[in-house]
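Residue-level listing of the chains:
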Amino acid sequence: MSEALLAQEVGAAPVAVPASGAVQFWRRLRAQRAALVAAGVVALLVLVALAAPLLAALEGQDPNSFHPALVDSASGGAPLGSFGGISADHWLGVEPQTGRDLFARVVYGARVSLGVALVATVLQVSLGLLIGLAAGLGSRTVDQVLSRITEVNVAMPLMVIALALLAIVPAEFPRPVLIALVVGALGWAGTSKLVRAQTLTLKSLDYVSAARLSGWGTWRIARRELLPSLAAPVLTYTALLLPQNIVVEAALSFLGIGIKPPTPSWGQMLTDADVWYQAAPTYLLIPAALLFVTVLAMTVLGEGVRTALDPRTRSRLGATGPGFLRRKKGAAT
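Quick notes on the rules
- Residues numbered from 1 in each chain as written.
- Predicted model: local features only at pLDDT ≥ 70, side-chain atom pairs only at ≥ 80, totals over all residues.
- Heavy atoms only, no water.
- Helix = DSSP H or I, 4+ residues; strand = E, 2+ residues; numbered from the N terminus.
- Buried < 20%, exposed > 50% of the residue type's maximum accessible area, 1.4 Å probe, protein only.
- Areas by Shrake-Rupley, 256 points an atom, 1.4 Å probe, with all protein chains shown as cover.
- Lys, Arg positive; Asp, Glu negative; His and termini not counted.
- Salt bridge = Lys/Arg side-chain N within 4 Å of Asp/Glu carboxyl O.
- Phe/Tyr/Trp six-rings, centres within 6.5 Å; stacked < 30°, edge-to-face > 60°.
- Lys NZ or Arg CZ within 6 Å of the ring centre and 35° of its normal.
- pLDDT = per-residue confidence, 0-100.
- Contact = heavy atoms within 4.5 Å.
- Axes fitted to C-alpha atoms, helices over the stretch in contact; angles between N-to-C directions.
- Parallel < 35°, antiparallel > 145°, perpendicular 65-115°, else oblique.
- Left-handed = near helix turned anticlockwise from the far one by under 90°.
- Nonpolar A, V, L, I, M, F, W, Y, C, P; charged D, E, K, R; others polar.
- Expected span 1.5 Å × (residues − 1).
- Bend = angle between axes of the 7 residues up to and from the residue.
- Patch = residues over 30% accessible without salt bridge, like charges linked within 9 Å, V, L, I, M, F, W, Y side chains within 5 Å.

### Things to note about the overall build of the protein
Along its length, the protein carries 13 helices and 4 strands. When each of the 333 residues of the protein is scored for burial, the buried share is 41%. Total accessible area computed for the protein in this model is approximately 17,200 Å², and 68% of it derives from carbon and sulfur atoms.

Set out below in C-alpha cells:
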C-alpha cells in the first residue's frame, strides 16, 4: 500500500482515503535521519539566538563590558590563562585586547547572523515570487521586460554591488537592517526564474484553464490555483537560500563593511581574529566552527525538505532511513 493511504471505516467497509499533504511531508522528512538531526541543530541555534539575553545573564556577563585585567597588555592583549581565558566566569574565554566575554558575544552574534539571513531570505523570496508570477502570467511584453530585468540582476556581481552600497550609506543607519535589505534586494533573481518557469508550466494545465474560463481574474487564479502548486519548489529553494545568506553576511563582515563594533557578529569576530589565530586560537575557531555547523545543518535540512516535498527524487545525501526505503520499494511493486 502507498504511504499516502489511511484506513477509514465507513459502516462495515474500510475505505482508503489519501493522507493530507502535511502528513505525507512529515512522514518522508521523518524517515531522513540526517535531516532530522539537522533540524534539531537549527532549532537549537534559533533557541540560543532568541534566548541570548537569558544565557548571558545566566553566565553573569554581557557582550560589551571590557575586562582589561583579563588580558596581557605586555603581549599586545592576548587573554590570560589557558584556552583563551576559559574559566567559571567566562565559559568560552575572553576577546583579545578588550577582555569582553566571548560566550556572550557568540550568543548575541547568533541573533545578528541568523536574523540578517532570515530577513534577507524573506525579502528575496517575496520579490522573486511577485516578479516571477507577473512574468509568467503577464502579456508577452511584460514577460520580456521582467525577464530582461531578471537577467541583468543575475549578471550583477552581488558582493561587488553590496560592497559599493554599504560603503556609501551613512554609518548612522542600522547595519544589520541595511545588510538584510541590500542582500534581499539584489538576490531575488533565482527565485523569480524558478517561479516564472513553474508558472508557465502550470498555467497550461486543465484546472487553470477551467478557472480562467469560469471568469476568474489573473491574480485570483494565481492565489487560488498556482500558489499551492508553487509552495513545494519555493520552500525548497528558500531552505537553500538561508545558509547562502549567512555566508554572505559573514563575508561582508569579514571584509570590514558588514556589522560594525560593538555589535557582535560571527563574521565580524572572524575579521578581528585573523591576527590572533596563534596567540588566541579559540577566538578564531569558535565563530568559524559555529558558522560551519550552521551552514551545514541548514544545507542538510534544505536537502531533506526538497526530498520530502518531491518523493520522486532521491536525497543526494543518501541519508534516508531503512523504513523509507522499504516503503518506496513496496510502493514500486
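### Section: the side chain of Glu249
Considering the arrangement of structural elements, one finds Glu249 in helix 10 (residues 218-254). As a buried residue without a salt bridge, Glu249 has its nearest oppositely charged side chain in Arg175, at a separation of 9.7 Å.

### Section: the pattern of salt bridges
Following the criterion strictly, the structure yields 5 salt bridges and no others. In this structure, the salt-bridge partner of Glu95 is Arg105, at a minimum N-O distance of 3.5 Å. Here Glu95 is found in the loop between strand 4 (78-79) and helix 4 (102-137), whereas its partner Arg105 is found in helix 4, with 10 residues between them in sequence. Assessed through its relative accessible area of 0%, Arg105 is described here as buried. Linking Glu303 and Arg306 is a salt bridge whose minimum nitrogen-to-oxygen distance equals 2.6 Å. Of this pair, Glu303 and Arg306 both sit in helix 12 (residues 281-309), 3 residues apart, which is roughly one turn of that helix. Arg306 shares its class with Glu303; the two are buried.

### Concerning unusual backbone geometry
The phi dihedral of Phe83 is positive, around 55°, even though this residue is not glycine. Here Phe83 lies in the loop between strand 4 and helix 4. Phi angles above zero are rare outside glycine, and Gln97 is one such case at about 75°. Within the secondary structure layout, Gln97 lies in the loop between strand 4 and helix 4.

### Description of the packing of aromatic side chains
Under the criterion given, the structure shown has 1 aromatic pair. Above the plane of the ring of Trp216 lies Arg220, whose end atom (NZ or CZ) is 4.2 Å from the centre.

### Regarding the confidence of the model for the protein
Across the protein, pLDDT averages 83, with 87% of residues at or above 70. Taken as a whole, residues 1-13 scores under 50 in pLDDT and shows 22 contacts with residues more than four places along the chain or in a different chain. Across residues 319-333, confidence stays below pLDDT 50; counting only partners more than four residues off in sequence or on other chains, it has 18 contacts.

### Focus on the packing of helix 2 (residues 33-50) against helix 12
Closest axis-to-axis distance for the helix 2/helix 12 pair is 8 Å, and the angle between their directions is 135°. Overall, the two elements helix 2 and helix 12 adopt an arrangement that is oblique. Here the hand of the crossing between helix 2 and helix 12 comes out left-handed. Along the contact surface, helix 2 presents Ala34, Ala35, Ala38, Ala39, Val41, Val42 and Leu45, while helix 12 presents Val293, Thr294, Ala297, Met298, Val300, Leu301 and Gly304. Classifying every residue of the contact of helix 2 with helix 12 by side-chain character gives 12 nonpolar, 2 polar and no charged.

### Quick look at the environment of Ala49
Examined against the element boundaries, Ala49 turns out to sit in helix 2. Accessibility expressed as a relative area gives 7% for Ala49, which makes it buried. In this structure the C-alpha to C-alpha distance between Ala49 and Val106, which are 57 residues apart in sequence, comes to 9.2 Å. Each residue touching Ala49, except ones within four places of it in the same chain, is listed here: Val107, Ala110, Arg111 and Leu114.

### Digging into the environment of Ile286
You can see Ile286 is positioned in helix 12. Those residues in contact with Ile286, other than ones at most four positions away along the chain, are Leu92, Leu102 and Val106.

### Side note on helix 10
Three- or four-residue spacings in an α-helix give side chains the same orientation, since the helix completes a turn every 3.6 residues. In a regular helix each residue adds 1.5 Å, so 37 residues correspond to 54 Å; helix 10 covers only 45 Å between its end C-alpha atoms and thus falls short of that length. At Leu226, helix 10 is bent by approximately 50°, the largest bend along its length, and proline Pro228 sits one to four residues beyond. Backbone geometry just downstream of helix 10 places Gly256 in the positive-phi region, at approximately 95°.

### Concerning a nonpolar patch on the surface
Together, Leu163, Phe254 and Leu255 make up an exposed nonpolar region whose accessible area comes to about 260 Å². Residue placement: Leu255 occurs in the loop between helix 10 and helix 11 (266-273).

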